[in-house]
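Observations on the model geometry
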Amino acid sequence: MRFKLTLHIDRSRGDKLPFNYQHEQSAVIYHILSQADESYATWLHDNGYQTDTGKRFKHFAYSRFSFGGYAIDKVSKCLVILSDWASWSISFLPEKSTQKFIQGLFANQHFIIGDKYHKVAFDIVGVEALPAIALAPEMSFRATSPVCVKEHVDNKIRYMSPGDANYGGAILKGLLSRYQTLTGTPFTGDISDFRFTLSGDKIKSALVTFKEGTPQQTFVKGYLYSFKMAGPEELLRLAAEGGIGEQCSQGFGYIEINTQDLIRNNKDK
């Protein structure tokens, strides 16, 4: 189930947000969940749903913040917020996360995101449950947070590019694993018609820094792009509501309907 949060920003308390804030968004979600059911949030954080191979999924995904206006300060590596409002999209797959549960829990929450130099204070002033996406056999999407897909080569992690020949297969493999962890059984439907194709030539890489400036600092690479995906409805639903690729619960792989593609297709009819 997808939700749109409307956020008010008190810019008098700070109007610069560090570029790498996705990890802190995840911490905000865990903190709010823990207020209702601490054991549930702890379990979700520590375990998630687990496959027989030990791979874990935490079934929520989220977008970056969408601001009414902002500028870029390259010197301080920050976004300078120019508006008093923002929106934030979050989607939950676990059954426990019903509309009433999330709306009641997230309403009127306050949180601060930033580092020791720059912080922005947010108040959640609206929580809107979005309607379920009407799925077709082939869907047009765009990634609104970087899609991260990894493979292991010679005991090293390689971040795959959307142009790699087996990229679509890796996306499918991730959806199948997620389906199994969510339902407890492997997917038995027909995947012979699964297709993943890029739309247009605008592909933007994004290198995201986690725990910047600490001994635990790490980098994760993802890509922003538009794409089309065809396949079984169950897998398309997982993608639309749970994201694609890896580390969705850390700010990667959130996707939305590509309305520009829909407009173009309607004009062509």
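The structure this text deals with has already been given above.
The structure displayed is predicted, hence computed values, not measured ones.

So, about the packing of helix H4 (residues 167-183) against helix H5 (residues 233-242). For the pair H4 and H5, the least separation of the axes is 10 Å and the interaxial angle reads 90°. Relative to H5, the element H4 lies roughly perpendicular. Residues Leu-172, Leu-175, Leu-176, Arg-178, Tyr-179 and Leu-182 of H4 pack against Glu-234, Leu-235, Leu-238, Ala-239 and Gly-242 of H5. Partitioning the contact of H4 with H5 into residue classes produces 8 nonpolar, 1 polar and 2 charged.

So, on to the sheet that holds strand S15 (residues 195-210). Reading across the sheet, the 4 strands line up as S15-S16-S12-S17 and stay open at both edges, with antiparallel pairing between neighbours. Sheet topology places S15 and strand S17 (255-257) at the edges, where each strand pairs with a single neighbour. Ignoring strand direction, the axes of neighbouring strands in this sheet form an average angle of 30°. Examined bridge by bridge, strand S12 (residues 138-143) and S17 share 3 bridges and lie antiparallel to one another. Bridge assignment links Arg-142 to a residue of S17, and that residue is Glu-256. Sheet strands in contact with H5 are S12, strand S16 (218-230) and S17, and its direction is about 135° off that of S16.

As a further point, take a nonpolar patch on the surface. Taken together, the side chains of Phe-19, Tyr-70 and Ile-72 make up a nonpolar region of the molecular surface, amounting to roughly 310 Å² of accessible area. With respect to the helices and strands, the residue Phe-19 is situated in the loop between strand S2 (16-18) and helix H1 (22-36). For Phe-19, a relative accessible area of 33% translates into the label partly exposed.

Turning to the side chain of Thr-181, a few remarks are in order. Relative to the helices and strands, Thr-181 is located in helix H4. According to the relative accessible area criterion, Thr-181 is buried, its value standing at 7%. Within the local environment of Thr-181, its side chain forms a polar contact with the backbone oxygen of Arg-178, the two atoms lying 2.8 Å apart.

With that settled, consider the sheet that holds strand S7 (residues 70-73). Within the open sheet, the 3 strands sit side by side as S2-S8-S7. Their pairing is antiparallel. The open sheet has two free edges, formed respectively by S2 and S7, since each of these has just one partner strand. Strand-to-strand, the axes of this sheet are offset by a mean angle of 30°, without reference to chain direction. As defined by bridge partners, S7 adjoins strand S8 (residues 78-81) across 4 bridges and the pair is classed as antiparallel. When the sheet's bridge partners are listed, Ala-71 is paired in S8 with Val-80.

Glancing now at the pairing of S12. As paired strands, S12 and S16 are joined by 5 bridges and run antiparallel to one another. Across the sheet, residue Glu-138 finds its bridge partner in S16, namely Ala-230.

Analysis parameters
- Residues numbered from 1 in each chain as written.
- Predicted model: local features only at pLDDT ≥ 70, side-chain atom pairs only at ≥ 80, totals over all residues.
- Heavy atoms only, no water.
- Axes fitted to C-alpha atoms, helices over the stretch in contact; angles between N-to-C directions.
- Helix = DSSP H or I, 4+ residues; strand = E, 2+ residues; numbered from the N terminus.
- Parallel < 35°, antiparallel > 145°, perpendicular 65-115°, else oblique.
- Contact = heavy atoms within 4.5 Å.
- Nonpolar A, V, L, I, M, F, W, Y, C, P; charged D, E, K, R; others polar.
- Pairing = 2+ DSSP bridges.
- Patch = residues over 30% accessible without salt bridge, like charges linked within 9 Å, V, L, I, M, F, W, Y side chains within 5 Å.
- Areas by Shrake-Rupley, 256 points an atom, 1.4 Å probe, with all protein chains shown as cover.
- Salt bridge = Lys/Arg side-chain N within 4 Å of Asp/Glu carboxyl O.
- Buried < 20%, exposed > 50% of the residue type's maximum accessible area, 1.4 Å probe, protein only.
- Polar contact = N/O pair within 3.5 Å; in protein donor to acceptor, adjacent residues only side chain to side chain.

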